[in-house]
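The residues making up each chain are set out below.
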Amino acid sequence: MTQEYKLKGVTSLDLKPGDKQEVEVEGIENTKVLLLNAGGKIQATGAKCTHYGAPLVKGVLTTTGRLTCPWHGACFNAKTGDVEDAPALDALPVFRVIERDGAFYISGEESVIKSSRRKPKFQRAATPSTQGDHVLVVGGGSGTLGAVEGLLENGYKGRLTVISNEGYLPIDRTRLSKALATDERKLAWRDKAWYDNGAVSWIEGEVTSVDFSSQTVLTKESKGVSYTKLILATGGTPRRLPLQGISVLENIHTLRTIHDTKKIVGSIGDKDAGKSVVIIGSSFIGMEVANATSGGKNSVTVIGMEKAPLERVLGEKVGAGIQKSLEGKGIKFYMGASVDRIEPSTTDPRSVGAVYLKDGTQIAADVLILGVGVAPATEYLKNNQSIQLESDGSIKTDENYGIVGQKDVYAIGDIATFPYNGPGGDGKFVRIEHWNVAQQSGRIAARHIINPQTPAEHFIPVFWSALGAQLRYCGNSYHGWDQLVLQGNPAEAKFIAYYCKGETVVAMASMGKDPAMAQSAELMRRGKMPSKTELEKGLDILSLGAPE
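This structure is a prediction, so every number in the text was calculated from the model and none was measured.

**Student:** Any details on the overall build of the protein chain? Residues and values, ideally.
**Tutor:** A count of helical and extended segments in the protein chain gives 12 helices and 37 strands. Compactness check: the protein chain gives a C-alpha radius of gyration of 24 Å against a globular reference of 24 Å for 548 residues, within 12% of the reference. The principal-axis extents of the C-alpha atoms in the protein chain amount to approximately 80 × 60 × 45 Å. Across the 548 residues in the protein chain, those meeting the buried criterion constitute 55%. A separation of at least 24 residues holds for 60% of the contacts in the protein chain among residues at least 6 apart in sequence. Accessible surface, the protein chain as shown: approximately 23,200 Å² in total, 46% of it carbon and sulfur.

Spelled out as structure tokens, the structure:
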């Protein structure tokens with residue numbers, strides 16, 4: 001039931017556009033709302049991001065009313081509460097502010113105020129008409145989640161089917177490498193009832209081919225599924241190394257699914273089991289797994305070909321600082337190293353026992369985890385005469401993620417190579433393996449399906465990583481950078497790094513400096529990011545105030 005609740009300690013609404021403050025709600029225990037001025041409109045919204053619960057008062061609010069989470073880049077329209085950018089799924093509730101007798105109140109339902117979220121409400125016909133549109137989505141990850149959410153939120157009326165070989169509904173895949181999570185129920189973003197309410201048909205199956213001329217998708221189970229519009233969201237396949245012993249020995253794992261994390265956790269046992277865990281690969285998956293498995297009596301070792309971990313994305317100086325920080329947790333590193341072979345255990349010849357480097361170094365290994373990247377999962381298209389894959393196996397799309405040369409067919413997420421229009425992008429093609437990018441590309445494709453006249457949306461990629469401390473990153477350096485402007489010390493997990501090409505900041509990374517990433521992403525999106533020279537002089541990005 002809707003009723004009024006007093007805002008504690010509020011005596012005036014003297015907020016300029018872009019201003020915000022967190023206030024307690026009297027009569028509802030441990031509950032706050034965010035009082036803000038969104039483009040001249042003063043109202044209250046939920047105080048916590050609907051993704052992971054970050055306090056939005058510490059985020060970034062533009063003078064026009066775009067609100068960005070300080071942690072993971074979720075964006076909301078502060079006037080309506082609607083989601084504008086991944087990874088949030090639920091919108092924010094918005095509350096009218098009422099002044100009476102010198103006090104201020106909000107009007108709303110207690111449960112909504114307390115939850116700080118507004119779940120989408122829709123009830124589609126259980127069996128939409130077989131006539132007209134039928135959108136078929138292939139895949140079960142972040143891109144699929146974004147596409148389904150986007151279609152339902154925007155009033156899609158036709159049939160909607162998902163084909164997935166994951167074995168479960170879309171999950172928070174980021175927690176697999178960051179926390180080795182294994183509980184499907186806790187990882188699922190939406191339950192089955194949510195998809196049922198949206199009349200989403202879910203088919204468990206593996207797609208083997210697509211007949212674009214007859215608009216039919218074929219599965220391994222010999223099922224042919226027709227469509228009028230097709231979204232391919234098949235994600236990535238973990239790479240394996242062509243090394244002796246790697247395909248036959250037990251306790252050697254890749255990481256992509258819940259099934260993988262269950263196997264890894266089963267092989268390691270608990271953190272005090274005294275196992276030797278070796279990770280080949282020093283990019284984000286490998287480093288996150290190293291962080292997640294450290295801290296007990298197990299030994300954790302990372303082997304990487306770079307001079308420093310994460311060098312390809314963050315550069316040697318930042319990577320070396322993060323390495324030093326993780327060495328403080330007991331993680332050992334062999335950098336600039338190449339693996340020669342894998343040998344079985346002397347006590348159990350069925351299982352891995354050691355990794356040998358090309359310089360002769362032997363590293364004991366009870367468990368071996370491969371974190372050497374992913375390839376676009378497009379095997380089902382390799383011999384298709386109607387589509388040409390890029391050299392890396394990805395699919396070239398336009399800015400709405402429509403496949404070049406195809407009509408009513410889209411590719412999103414890890415398999416898409418698309419024109420990037422962020423700083424330094426200039427429309428050049430990139431492929432980005434980020435959770436947020438996959439989800440947002442799904443939303444963009446969905447909006448284009450519903451209204452092809454919708455202008456293409458240009459967003460700034462955001463990702464985060466658990467590396468002892470939380471790393472935030474925005475922008476994209478796919479086409480290179482030539483100079484680093486570093487403020488702070490990566491080894492102390494407190495820094496901002498700006499990656500520049502000429503005077504243009506093309507990307508930034510930070511630890512312990514929230515909401516610097518959110519501020520930078522918004523400035524990049526608006527084309528107002530400070531120059532390299534300004535940052536070299538020590539400019540504090542947060543001193544610029546609310547972006548205009």
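**Student:** Explain the packing of helix α2 (residues 142–153) against helix α10 (residues 435–450) residue by residue, including any values.
**Tutor:** It is the contact of α2 with α10, at a shortest axis distance of 7 Å, that shows an interaxial angle of 35°. In the packing of α2 onto α10, the handedness of the crossing is right-handed. Counted together, Ser-142, Gly-143, Leu-145, Gly-146, Ala-147, Glu-149, Gly-150, Leu-151 and Glu-153 of α2 and Trp-435, Ala-438, Gln-439, Gly-442, Arg-443, Ala-446, Ile-449 and Ile-450 of α10 form the full contact between these two elements. By residue class, the composition of the contact of α2 with α10 is eight nonpolar, six polar and three charged.

**Student:** Give a detailed account of the sheet that holds strand β29 (residues 395–396), specifying residues and quantitative values.
**Tutor:** With mixed pairing, the three strands of this open sheet are ordered in space as β29-β31-β32. Two strands in the sheet have a free side with no partner beyond their single neighbour: β29 and β32 (428–430). The sheet contact formed by strand β31 (residues 416–420) and β32 spans three bridges and is antiparallel. Bridged to Tyr-420 within β32 is Lys-428.

**Student:** Run through the pairing of strand β11 (residues 103–109), naming residues and quoting values.
**Tutor:** Buried residues dominate β11, accounting for five of its seven residues. Inspection of the sheet shows strand β1 (residues 2–6) paired to β11 by five bridges, in the antiparallel sense. Bridge pairing links Glu-4 to Ser-107 in β11. Pairing between strand β10 (residues 97–100) and β11: four bridges, direction antiparallel. Residue pairing across strands places Val-97 opposite Ile-106, the latter belonging to β11. The turn joining β10 and β11, which pair antiparallel and follow one another in sequence, is formed by two residues; a positive phi near 55° is taken by Asp-101.

**Student:** Provide a residue-level description of the nonpolar core, including the pertinent values.
**Tutor:** Ranked by internal contacts, the top residues of the largest apolar core, which has 48 residues, are Val-135, Val-148, Leu-160, Ile-231, Cys-474, Tyr-498 and Met-508. Excluding residues within four positions of it along the chain, Tyr-498 makes contact with Gln-483, Leu-484, Val-485, Gln-487, Val-505, Ala-507, Met-508, Ser-520, Met-529, Leu-535 and Ile-541. By size, the runner-up hydrophobic cluster in this structure holds 41 residues, among which are Ala-181, Leu-187, Ile-279 and Ala-493.

**Student:** Could you give an account of the sheet that holds strand β24 (residues 339–344), with specific residues and numbers?
**Tutor:** The three strands lie next to each other as β24-β25-β26, forming an open sheet whose pairing is antiparallel. The outermost strands of the open sheet, each flanked by one partner alone, are β24 and β26 (362–364). Going from strand to strand, the sheet's axes swing by 25° on average, the running direction of each strand aside.

**Student:** Can you explain the packing of aromatic side chains? Please cite residues and give values.
**Tutor:** Tallied over the entire structure, the rule returns six aromatic pairs. With a centroid separation of 4.7 Å and 25° between ring planes, the pair formed by Phe-463 and Tyr-473 is classed as stacked. Placement of the pair is Phe-463 in strand β33 (residues 462–467) and Tyr-473 in strand β34 (residues 469–475), with a sequence separation of 10 residues. Taking the relative accessible area as the measure of exposure, Phe-463 reaches 10% and is therefore buried. Three or more aromatic residues joined by ring pairs make a cluster, and in this case those are Trp-194, Tyr-195 and Trp-202. Lying over the aromatic face of Tyr-105, Arg-100 brings its terminal NZ or CZ to 4.5 Å of the ring centre.

**Student:** If you had to explain the pattern of salt bridges to someone new, which residues and values would you point to?
**Tutor:** Inspection of every chain in the model, using the stated rule, returns 31 salt bridges. With a closest N to O distance of 2.8 Å, Arg-190 and Asp-90 form a salt bridge. With Arg-190 in the loop between α4 (184–187) and α5 (192–197) and Asp-90 in the loop between β8 (83–85) and β9 (94–95), the pair connects residues that are 100 residues apart, well separated along the chain. Side by side, Arg-190 and Asp-90 carry an identical accessibility label, which is buried.

**Student:** Can you break down the pairing of strand β18 (residues 229–232) residue by residue, with the values?
**Tutor:** On β18, burial covers both faces: Lys-229 and Ile-231 on one face and Leu-230 and Leu-232 on the other are all buried. With four bridges connecting them, strand β12 (residues 134–138) and β18 associate as parallel partners. Bridging from a neighbouring strand, Leu-136 pairs with Leu-230 of β18. Bridge count between β18 and strand β30 (residues 409–411): three bridges; the pairing is parallel. Each residue of the ladder has a partner; that of Leu-232, found in β30, is Ala-411.

**Student:** Go over α2 with me, naming the residues and quoting the values.
**Tutor:** Between its first and last C-alpha atoms α2 spans 16 Å; for 12 residues at 1.5 Å apiece the expected length is 16 Å, and the two agree. Burial within α2 is extensive, with 11 of its 12 residues counted as buried. Listing the buried residues of α2 in full gives Ser-142, Gly-143, Thr-144, Leu-145, Gly-146, Ala-147, Val-148, Glu-149, Gly-150, Leu-151 and Leu-152. Phi turns positive one or two residues past the end of α2, at Gly-155, with a value near 85°.

**Student:** How would you sum up empty space enclosed by the protein? Please name residues and give values.
**Tutor:** Over the atoms, a rolled probe matching the size of one water molecule traces out where space is still vacant. The tally for this structure, following the rule as stated, stands at three cavities of 30 Å³ or more. Its boundaries defined by the atoms lining it, the largest cavity holds a volume of some 70 Å³. The set of elements that each furnish at least two residues to the lining of the largest cavity consists of β6 (66–68) and α11 (516–525). Top element by residues in the lining of the largest cavity is α11. It accounts for three residues. For the second largest cavity, the calculated volume is near 50 Å³. Every residue lining the second largest cavity is listed: Tyr-420, Pro-423, Gly-424, Gly-425, Asn-476, Ser-477, Tyr-478, His-479, Gly-480, Lys-501 and Val-506.

**Student:** Residues and numbers for the side chain of His-134, please.
**Tutor:** Its location among the elements puts His-134 in strand β12. Residue His-134 is classed as buried on the basis of its relative accessible area, which comes to 4%. At 2.9 Å, the side chain of His-134 forms a polar contact with the backbone oxygen of Ser-226. Apart from the residues lying within four places of it in its own chain, the contact partners of His-134 are Tyr-156, Arg-159, Leu-160, Thr-161, Val-225, Ser-226, Tyr-227, Thr-228 and Lys-229.

Thresholds applied
- Residues numbered from 1 in each chain as written.
- Predicted model: local features only at pLDDT ≥ 70, side-chain atom pairs only at ≥ 80, totals over all residues.
- Heavy atoms only, no water.
- Helix = DSSP H or I, 4+ residues; strand = E, 2+ residues; numbered from the N terminus.
- Rg over C-alpha atoms; globule rule 2.2 N^0.38 Å.
- Buried < 20%, exposed > 50% of the residue type's maximum accessible area, 1.4 Å probe, protein only.
- Contact = heavy atoms within 4.5 Å.
- Areas by Shrake-Rupley, 256 points an atom, 1.4 Å probe, with all protein chains shown as cover.
- Axes fitted to C-alpha atoms, helices over the stretch in contact; angles between N-to-C directions.
- Left-handed = near helix turned anticlockwise from the far one by under 90°.
- Nonpolar A, V, L, I, M, F, W, Y, C, P; charged D, E, K, R; others polar.
- Pairing = 2+ DSSP bridges.
- Core = buried A, V, L, I, M, F, W, Y, C linked by side-chain atoms within 4.5 Å.
- Phe/Tyr/Trp six-rings, centres within 6.5 Å; stacked < 30°, edge-to-face > 60°.
- Lys NZ or Arg CZ within 6 Å of the ring centre and 35° of its normal.
- Salt bridge = Lys/Arg side-chain N within 4 Å of Asp/Glu carboxyl O.
- Expected span 1.5 Å × (residues − 1).
- 1 Å grid on protein atoms, 1.4 Å probe; cavity = no way out; pocket = protein on both sides within 12 Å on 5 of 7 lines; lining within 4 Å.
- Points joined across faces, edges and corners; volume = space filled by probe spheres on them.
- Polar contact = N/O pair within 3.5 Å; in protein donor to acceptor, adjacent residues only side chain to side chain.

Everything listed here is a matter of geometry and, on its own, says nothing about what the molecule does.
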